[in-house]
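Observations on the model geometry
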Amino acid sequence: MAKTRFEWDTEKDAENQAKHGVPFSLAQYAFSDPNRVIAEDIAHSETEKRYFCFGTVNGGVLTVRFTYRGNAIRIFGAGYWRKGKGMYEREN
């Protein structure tokens with residue numbers, strides 16, 4: 001079985017940490033939650049499909065915004081947002 005590979009832009013990671021307090025290195029763990037929810041981001045999927053992953057990390061529900069690029073999951077946003085927690089709780 002192939003190992004999942006994650007990637008991200010280091011500048012975007014720094015911006016996300018400053019704005020939302022979540023490093024992308026932590027955000028990748030949302031995908032490890034066996035009850036995670038993946039949803040398509042239809043509002044922002046104009047040139048490429050974008051998605052949300054809602055999963056528990058460090059006792060909270062983390063929302064991760066990502067896309068698939070080649071064989072990698074490319075993270076471009078993450079935070080502990082109420083809307084993501086609500087989606088996770090509705091699906092579980």
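Heads up: the structure comes first, above all this text.
Values in this document were obtained by computation on a predicted structure and should not be read as measured data.

**A word on the pattern of salt bridges**
- Counted by the stated rule, this structure contains four salt bridges.
- Between Glu-7 and Arg-5 there is a salt bridge, with the nearest N and O atoms lying 3.4 Å from each other.
- Take Arg-5: its relative accessible area is 44%, and that puts it in the partly exposed class.
- A salt bridge links Glu-7 to Arg-74; the shortest N-O distance between them is 3.5 Å. Of the two residues, Glu-7 sits in strand E1 (residues 5–7) while Arg-74 sits in strand E5 (residues 72–79), which places them 67 residues apart along the sequence.
- Taking relative accessible area as the criterion, Glu-7 reaches 22% and is therefore assigned partly exposed.
- In this structure, a network of salt bridges that share partners links the residues Arg-5, Glu-7 and Arg-74.

**Section: the sheet that holds E1**
- Strand order in this open sheet of five strands is E1-E5-E4-E3-E2, and the pairing throughout is mixed. The open sheet has two free edges, formed respectively by E1 and strand E2 (37–40), since each of these has just one partner strand. The sheet shows a mean angle of 35° between the axes of neighbouring strands, taken without regard to direction.
- Pairing of strand E3 (residues 51–57) with strand E4 (residues 60–69) involves seven bridges; the strand directions are antiparallel. Within E4, the position partnered with Cys-53 by the bridge is Val-64.

**Quick word on the layout of surface pockets**
- Size it by volume and the largest pocket reaches roughly 210 Å³.
- What lines the largest pocket is simply Ala-39, Phe-52, Phe-54, Thr-63, Trp-81, Lys-83, Gly-84, Met-87 and Arg-90.
- Among the elements of the structure, E3 and helix H3 (82–91) are those that each provide at least two residues to the lining of the largest pocket.
- The element that contributes the greatest number of residues to the lining of the largest pocket is H3, accounting for four residues.
- Per-class residue counts for the lining of the largest pocket are five nonpolar, two polar and two charged.

Analysis parameters
Residues numbered from 1 in each chain as written. Predicted model: local features only at pLDDT ≥ 70, side-chain atom pairs only at ≥ 80, totals over all residues. Heavy atoms only, no water. Salt bridge = Lys/Arg side-chain N within 4 Å of Asp/Glu carboxyl O. Buried < 20%, exposed > 50% of the residue type's maximum accessible area, 1.4 Å probe, protein only. Helix = DSSP H or I, 4+ residues; strand = E, 2+ residues; numbered from the N terminus. Pairing = 2+ DSSP bridges. Axes fitted to C-alpha atoms, helices over the stretch in contact; angles between N-to-C directions. 1 Å grid on protein atoms, 1.4 Å probe; cavity = no way out; pocket = protein on both sides within 12 Å on 5 of 7 lines; lining within 4 Å. Points joined across faces, edges and corners; volume = space filled by probe spheres on them. Nonpolar A, V, L, I, M, F, W, Y, C, P; charged D, E, K, R; others polar.

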